[in-house]
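Results of the structural survey
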Amino acid sequence: MTVGRPLPKVVPRFVLASASPRRRQLLEEAGYEFEVIAPPVEEVSHAWLTVRELTVCNARRKASLVAKTMPGAVVLGADTLVSLGDQVLGKPANLEEAAKILRRLSGRSHEVWTGVSLCHFAAGKSESFSVVSRVEFHDLTDRAIQDYFEKVNPLDKAGAYAAQGHGKEIIQRIEGSYSNVVGLPMEMTTRMLSGYGINPKP
């Protein structure tokens with residue numbers, strides 16, 4: 001009887017269910033190979049849910065919608081929200097609203113929450129988690145806010161700012177995961193993906 005070589009383990013496809021260029025960049029920089037499919041999901045913002053619950057709920061909805069059409073793939077969905085006290089600060093509708101948000105955050109600490117959901121329907125697996133980071137802003141003048149907006153588009157960002165790029169001009173300190181503030185907590189995400197057989201390139 002001839003014993004053949006063991007069959008190579010089949011690694012499932014990895015799909016990012018998000019249109020966020022920041023999440024895509026974080027995964028690419030970490031060495032992951034993946035596809036991007038942005039689900040047509042309207043994010044919920046129910047007042048009776050906590051910020052953590054909102055981010056996890058939206059992440060699950062994004063991941064499960066894509067996973068239903070691709071049951072053999074490992075699908076990652078994520079949602080990031082900024083909160084000041086018990087108030088959620090979403091994406092501003094215009095520059096005037098963005099400036100108001102940064103004035104409120106000026107010289108204060110706030111929290112950034114990201115919910116992450118992983119689905120692999122073919123294997124009957126799905127799980128979600130959330131990560132929170134605390135961000136403290138410099139005292140910002142109106143001139144500093146306008147200078148920042150000339151370099152960064154705040155309209156597609158929760159809280160009207162980004163940690164990467166010119167973030168140091170407005171951020172004094174970050175407690176917790178920096179990548180979480182960017183849009184995806186890579187420390188926890190990497191560990192969770194490994195449990196689904198998804199690992200970065202050597």
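Residues numbered from 1 in each chain as written. Predicted model: local features only at pLDDT ≥ 70, side-chain atom pairs only at ≥ 80, totals over all residues. Heavy atoms only, no water.

**Let's talk about the overall build of the protein**
- A count of helical and extended segments in the protein gives six helices and seven strands.
- Principal axes of the C-alpha set define a box for the protein whose edges measure 80 × 35 × 25 Å.
- When burial is assessed residue by residue, the protein has 46% of its 202 residues classed as buried.
- Intrachain contacts of the protein at a sequence separation of at least 6 include 69% that bridge at least 24 residues.
- Total accessible area computed for the protein in this model is approximately 10,900 Å², and 52% of it derives from carbon and sulfur atoms.
- The positive charge centre, built from 25 side chains, and the negative charge centre, built from 22, are 6 Å apart in the protein. (Helix = DSSP H or I, 4+ residues; strand = E, 2+ residues; numbered from the N terminus. Buried < 20%, exposed > 50% of the residue type's maximum accessible area, 1.4 Å probe, protein only. Contact = heavy atoms within 4.5 Å. Areas by Shrake-Rupley, 256 points an atom, 1.4 Å probe, with all protein chains shown as cover. Lys, Arg positive; Asp, Glu negative; His and termini not counted. Charge placed at Lys NZ, Arg CZ, Asp CG, Glu CD.)

**A word on helix α1 (residues 21-30)**
- The set of residues buried in α1 consists of Arg22, Arg23, Leu26 and Leu27. The buried residues of α1 occupy an angular sector of 135 degrees when the element is viewed end-on, so they sit on one face.
- Next to the buried residues of α1 lie β1 (14-16), β3 (74-84), α5 (178-182) and α6 (186-194).
- Where α1 begins, the side chain of Ser20 points an oxygen toward the backbone nitrogen of Arg22, at a separation of 3.3 Å. (Arc of directions from axis to C-beta. Polar contact = N/O pair within 3.5 Å; in protein donor to acceptor, adjacent residues only side chain to side chain.)

**Thoughts on the layout of surface pockets**
- Taken as a whole, the largest pocket spans an internal volume of roughly 720 Å³.
- Lining the largest pocket are 38 residues, with Arg23, Glu43, Asp79, Thr80 and Lys91 sitting closest to its centre.
- At the level of elements, α1, α2 (51-69), β3 and α5 are the ones that each hand at least two residues to the lining of the largest pocket.
- A volume near 180 Å³ is recorded for the second largest pocket.
- Taken together, 14 residues form the lining of the second largest pocket, with Val11, Pro12, Glu33, Ile198 and Asn199 sitting closest to its centre.
- Of the residues that constitute the lining of the second largest pocket, the class distribution is seven nonpolar, three polar and four charged. (1 Å grid on protein atoms, 1.4 Å probe; cavity = no way out; pocket = protein on both sides within 12 Å on 5 of 7 lines; lining within 4 Å. Points joined across faces, edges and corners; volume = space filled by probe spheres on them. Nonpolar A, V, L, I, M, F, W, Y, C, P; charged D, E, K, R; others polar.)

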